[in-house]
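For reference, the chains in residue letters:
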Amino acid sequence: MFNTMATISASQVAPVMAAAAIDVDGTIIVQMILFFFVLFFLHFVLFRPYLQAVDAREDGVEGAREEAAEMETRAGRVIEEYEEKMRQARRDAQDVRESLRNQGIQKQNDMVQEVREEIQGKLKEERDRIAKKVDSARSDIEKRAQGLADAMTAKILPS
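Report on the accompanying structure. In this text the structure is predicted, and so the values were computed from the model without any measurement.

1. A word on the packing of aromatic side chains
Part 1 of the reasoning: Summed over the entire model, instances satisfying the criterion amount to two aromatic pairs.
Part 2 of the reasoning: When the ring of Phe35 is compared with that of Phe36, the centres are 5.6 Å apart and the planes differ by 65°; the resulting orientation is edge-to-face.
Part 3 of the reasoning: Residue Phe35 is classed as exposed on the basis of its relative accessible area, which comes to 51%.
Part 4 of the reasoning: When the ring of Phe40 is compared with that of Phe44, the centres are 4.7 Å apart and the planes differ by 70°; the resulting orientation is edge-to-face. Taken together, the residues Phe40 and Phe44, both in helix α2 (residues 27–156) and four residues apart, mark about one turn of the helix.
Part 5 of the reasoning: Given the relative accessible area of 52%, Phe40 is considered exposed.

2. Thoughts on the pattern of salt bridges
Part 1 of the reasoning: For the coordinates displayed, the defined rule picks out six salt bridges.
Part 2 of the reasoning: Between Arg91 and Glu84 there is a salt bridge whose closest N-O contact spans 3.3 Å.
Part 3 of the reasoning: Residue classification places Glu84 among the partly exposed residues on the basis of a relative accessible area of 36%.
Part 4 of the reasoning: One salt bridge connects Glu118 with Lys122, and the closest N-O pair in it is separated by 3.4 Å. Linking Glu118 with Lys122, this pair stays in helix α2, spanning four residues, or about one helical turn.

Definitions and cut-offs
- In every chain, residue numbers begin from 1 and rise along the written sequence.
- In view of the model being predicted, local features appear only for residues whose pLDDT reaches at least 70, and side-chain atom pairs are presented and counted only at 80 or more, with totals across whole chains, interfaces and linings using the full set of residues.
- Side-chain figures throughout are based on the complete set of non-hydrogen atoms in the structure, without hydrogens or water.
- Only centres within 6.5 Å qualify two rings of Phe, Tyr or Trp (six-membered ring in Trp) as a pair; their planes then separate them into stacked at under 30 degrees, edge-to-face at over 60, and tilted for everything else.
- We call a residue buried when its accessible area falls under 20% of the maximum for its residue type, exposed when it is over 50%, and partly exposed in between, using a 1.4 Å probe and counting protein chains only.
- Helix and strand labels come from DSSP, where a helix needs a run of H or I of at least four residues and a strand needs a run of E of at least two; each type is numbered from the N terminus.
- Any Lys or Arg side-chain nitrogen located within 4 Å of an Asp or Glu carboxyl oxygen qualifies as a salt bridge.

Structure below.
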């Protein structure tokens, strides 16, 4: 039984192999024309639009990369400008702070000078007042001393 199947399959394979052989005749030209027509049709309908879409996508990606690089450069410049402005603002703030500090010190010195002058004026007034009291007290003492001296001399030297 195995032999029968082997013979059947071997006998059926030979016609199939013979049918697979291509005969070169007039139909090959028609097949070539159809092949080139389909290839030409597919070129305009499928391949060219696909390649154009791929090129457009690559151009878009390249443009986006260039735009991203440009934006990154602009961002770097903006950051540098921002940092420079911040440094300048800090310097300005330091200058203002120093100016205000100097103004405060000057105002303090002016106030101290005014108080000193006021104290000097009051001190002079008090010294003058004290000097007047001392002069007044001296004249009173001199008068009393003169009166006492007269009284003592009158007691010691009777007249």
